[in-house]
Amino acid sequence: MKLFVIGAGAIGGTLGARAFRDGHDVTLVDADAAHVAAIRRDGLRIEGPVEEFVVRVPAILPEELPDTVEHAVVAVKSLHTAAVADLLRDRLAPDGYVLTVQNGLTADVLIEAVGRERVLASFVNIGADLMAPGVVLQGNVATFRIGELAGGPVTPRVARLAEVLPYAEATDNVLGYLWGKEVYGAMMWAGAVSDLSIAETLERPEYRGVMTAISEEVLAQAPVAVEGFDGFEPDDLPGSFDRLAAFNRRSAKTHSGIYRDLMVRKRKTEVDEVHKDIQGPVFDRVVEMIHDIEEGRRTCEVANLDELARFVAARTS
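All of these numbers come straight from a predicted model, not from anything done at the bench. (Residues numbered from 1 in each chain as written. Predicted model: local features only at pLDDT ≥ 70, side-chain atom pairs only at ≥ 80, totals over all residues. Heavy atoms only, no water.)

## A closer look at the sheet that holds strand β9 (residues 128-132)
The four strands are arranged β4-β3-β10-β9 in an open sheet whose pairing can be described as mixed. Of all the strands in the sheet, just β4 (53-55) and β9 have a single pairing partner and so form its edges. Neighbour-to-neighbour, the strand axes of this sheet turn through a mean angle of 25°, independent of strand direction. Here β9 runs beside strand β10 (residues 135-138); their pairing, made up of four bridges, is antiparallel. For A128, the partnering residue across the bridge sits in β10 and is Q138. Of the strands in this sheet, β3 (44-47), β4, β9 and β10 touch helix α1 (residues 10-21), which is tilted by about 80° from β4. Packing against the sheet, helix α2 (residues 33-42) makes contact with β3, β4, β9 and β10, and its axis sits at approximately 95° to β3. (Pairing = 2+ DSSP bridges. Helix = DSSP H or I, 4+ residues; strand = E, 2+ residues; numbered from the N terminus. Axes fitted to C-alpha atoms, helices over the stretch in contact; angles between N-to-C directions. Contact = heavy atoms within 4.5 Å.)

Set out below in structure tokens:
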């Protein structure tokens, strides 16, 4: 299988580097010219407690993609999905397919470009960060599931991708995992308005009301049976917070990618794309806060989370 990984940052870089090292034909594709140049010059370095290594994996810019692509993995931020869809629209081979390993429910954008029968979905909970051009931190090993959008029995192409990509397992309910990630992601969005670590936000009793309210808000909108993972169980939210805090304590990735976008990389987050999928009074307030931080009216601090806790408490009193 010749695989193009489009988006060679945290997740794309981690998966692509490991698949390439395992002997698969992988090419990384990224719009960041400095990142591509660093990989070409020095290789892609994977750092962190899981394992440290360097691979001399091929890396190209989007405009260097060949005219025909048989298999692609899309690992860009969800706000860039439309650009990748346009890139693949006339390139994806008739019998080819694309796998999204993104946050959120991004498949519809790809479906519009290449057709429903050529899109697969996945749930990835591996903690990773792009630290510098050519350098990715892999903070832990976590759940990775691949499946057909329609669910049902595992198909040969899903099974094949599960063989090629590291940590992957096939599932007959990938949307259930994706909606589980939406719940967990909502917790991460709420926590990102402060500068506390993920584990601290989940552990502190004064923020349990926020985590419960925003989780219940998302669960109520899920159209499928929600799957559990890495300590999260939809039927046991109090226990989930404790288990997820412990899970994050074991990771070298202390803060969410959302927080890093806001405070380290100083770039726009995916919040508007996520907001298309989930709504509700608590998440809506979080979105307002994220916009305020993006536009310089706030910074990430505990006072924001305290304000959110008061907002939730007032709604339930």
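Don't stop here, the text continues.
## Structural notes on the pattern of salt bridges
Summed over all chains, the structure comprises 27 salt bridges. One salt bridge in this structure joins R40 and E64, with 2.7 Å as the shortest N-O distance. One end of the pair, R40, is in helix α2; the other, E64, is in the loop between β5 (59-60) and β6 (69-74), and 24 residues separate them in sequence. What makes R40 partly exposed here is its relative accessible area of 45%. A salt bridge links E307 to R298, with the nearest nitrogen and oxygen atoms 3.1 Å apart. For R298, a relative accessible area of 24% translates into the label partly exposed. Beyond isolated ion pairs, a larger network of salt bridges with shared partners links D292, E295, R297, R298 and E307. (Salt bridge = Lys/Arg side-chain N within 4 Å of Asp/Glu carboxyl O. Buried < 20%, exposed > 50% of the residue type's maximum accessible area, 1.4 Å probe, protein only.)

## A word on the nonpolar core
In terms of nonpolar packing, the biggest core is built from 74 residues, with L88, M187 and L202 touching the most fellow members. Here this core takes 11 residues from helix α6 (residues 174-191), the largest share from any one element. Those residues within four positions of M187 in sequence are excluded, and the remaining contacts are L202, M211, I214, S215, F232, F241 and L244. Core analysis: the next-biggest nonpolar cluster, separate from the first, contains 38 residues, A10, A17, V55 and L165 among them. (Core = buried A, V, L, I, M, F, W, Y, C linked by side-chain atoms within 4.5 Å.)

## Describing the pairing of β10
The side-chain alternation of β10 yields two buried faces, one formed by V135 and L137 and the other by V136 and Q138. When β3 meets β10, the two strands line up parallel, connected through three bridges. The partner of R45 across the bridge, within β10, is V135. Counting the residues between successive antiparallel strands, the hairpin from β9 to β10 contains two residues, one of them, G134, with a positive phi of roughly 85°.

## Overview of the sheet that holds β5
Neighbouring strands of a sheet are bound in pairs by backbone hydrogen bonds; such pairs are parallel or else antiparallel. Spatially, eight strands are ordered β5-β2-β1-β6-β7-β8-β11-β12 in an open sheet, and the strand pairing comes out mixed. Edge positions in the sheet fall to β5 and β12 (169-170), since each has one partner strand and no second. Bridging between β6 and strand β7 (residues 92-100) involves five bridges; their strand directions are parallel. Note that in β7 the partner of H71 across the bridge is Y97.

## Details of the environment of A168
By the secondary structure assignment, A168 is in the loop between α5 (156-164) and β12. When the C-alpha atoms of A168 and T254 are compared, they prove to be 23 Å apart, with 86 residues separating the residues in sequence.

## A closer look at the environment of S240
Secondary-structure assignment places S240 in helix α9 (residues 237-249). Sequence separation between S240 and N103 is 137 residues, and the spatial gap between their C-alpha atoms is 20 Å. Each residue touching S240, except ones within four places of it in the same chain, is listed here: G231, F232 and E233.

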